[in-house]
Amino acid sequence: LKPCWLLRALLRSPCTTTQTRTEEFQEMAVVVPRNFRLLDELEKGQKGAAGDVSWGLTHGDDITLSEWQSTIFGPLGTSFDNRIYSLSILCGPGYPDAPPEVRFNTQINMSCVEPSNGKLKTSWGMLAKWRRDYTIENILQQLRQEMTATANRKLPQPAEGLNY
């Protein structure tokens, strides 16, 4: 039998329950392995399409695709304006089912960041409600958005060039 026999059978057979074809196909969804997922994220990061954020492997020869380096350009009109923030991201063996560990290397004052070490608080929205379909890009974009939030946009920032 060919691998697509089940798909063909489903397309020919009528729905016998209240499920739609879309729901049937979603139940058959394939879980993409960790490394394939991370290779896809690496490719997107190398293309640089995100503009205000960037990401890539810390070490080009990291075959586990675990250690990432990223950058966020501070949004205009905030206390983060004209600043470049460096972050480290560790995608453990449970990623993408479990969130990565995210840490600012550049000192920053934000409500979702531990002031002593730059680690992103696990209680922060996206990490606290982690879903498998979230990506490194999503985290970086959401952090940049967080910089524009009322609670953060005018917070005084440490002097430029300081690291944790």
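Look a little higher up for the structure.
The numbers attached to residues start from 1 for each chain and follow its sequence in the written order. The predicted nature of this model means local features are confined to residues of pLDDT at least 70 and side-chain atom pairs, given and counted, to a pLDDT of 80 or more, with totals for whole chains, interfaces and linings taken over all residues. Excluded from the side-chain calculation are hydrogens and water; included are all heavy atoms of the structure.

Colleague: Run through the packing of aromatic side chains, naming residues and quoting values.
Modeller: Classification of ring pairs uses Phe, Tyr and Trp, with its six-membered ring standing for Trp, and accepts pairs whose centres are within 6.5 Å; under 30 degrees between planes counts as stacked, over 60 as edge-to-face, and the remaining range as tilted. Considering all chains together, one arrives at four aromatic pairs under this definition. With a centroid separation of 6.0 Å and an interplanar angle of 70°, the aromatic rings of Phe80 and Tyr85 are classed as edge-to-face. Type-normalised accessible area, obtained with a 1.4 Å probe on protein chains alone, sets the label of each residue: buried when under 20%, exposed when over 50%, and partly exposed for intermediate values. Take Phe80: its relative accessible area is 0%, and that puts it in the buried class. Overall, the relative accessible area of 1% leaves Tyr85 in the buried class. Ring centres of Trp130 and Tyr134 lie 5.4 Å apart, and the angle between their planes is 75°; this geometry places the pair in the edge-to-face category. The two residues Trp130 and Tyr134 agree in class, both being buried.

Colleague: Can you explain the layout of surface pockets? Please cite residues and give values.
Modeller: A 1.4 Å probe that fits but cannot get out identifies a cavity on a 1 Å grid over protein atoms alone, an open set with protein on both sides within 12 Å along at least five of seven lines counts as a pocket, and a residue lines either if it has an atom within 4 Å of a point. Grid points are joined across faces, edges and corners, and a volume is the space filled by probe spheres set on the points. A volume near 200 Å³ is recorded for the largest pocket. What lines the largest pocket is Ser88, Ile89, Leu90, Pro100, Glu101, Val102, Arg103, Lys119, Leu120, Thr122 and Leu127. Going through the elements one at a time, strand 3 (84-90) and strand 4 (101-104) are the ones with two or more residues in the lining of the largest pocket. Amino acid classes used here: Ala, Val, Leu, Ile, Met, Phe, Trp, Tyr, Cys and Pro are nonpolar; Asp, Glu, Lys and Arg are charged; the rest, including Gly, are polar. Split by residue class, the lining of the largest pocket holds six nonpolar, two polar and three charged. Where helices and strands are cited, they refer to DSSP runs of H or I of at least four residues and of E of at least two residues respectively, numbered from the N terminus.

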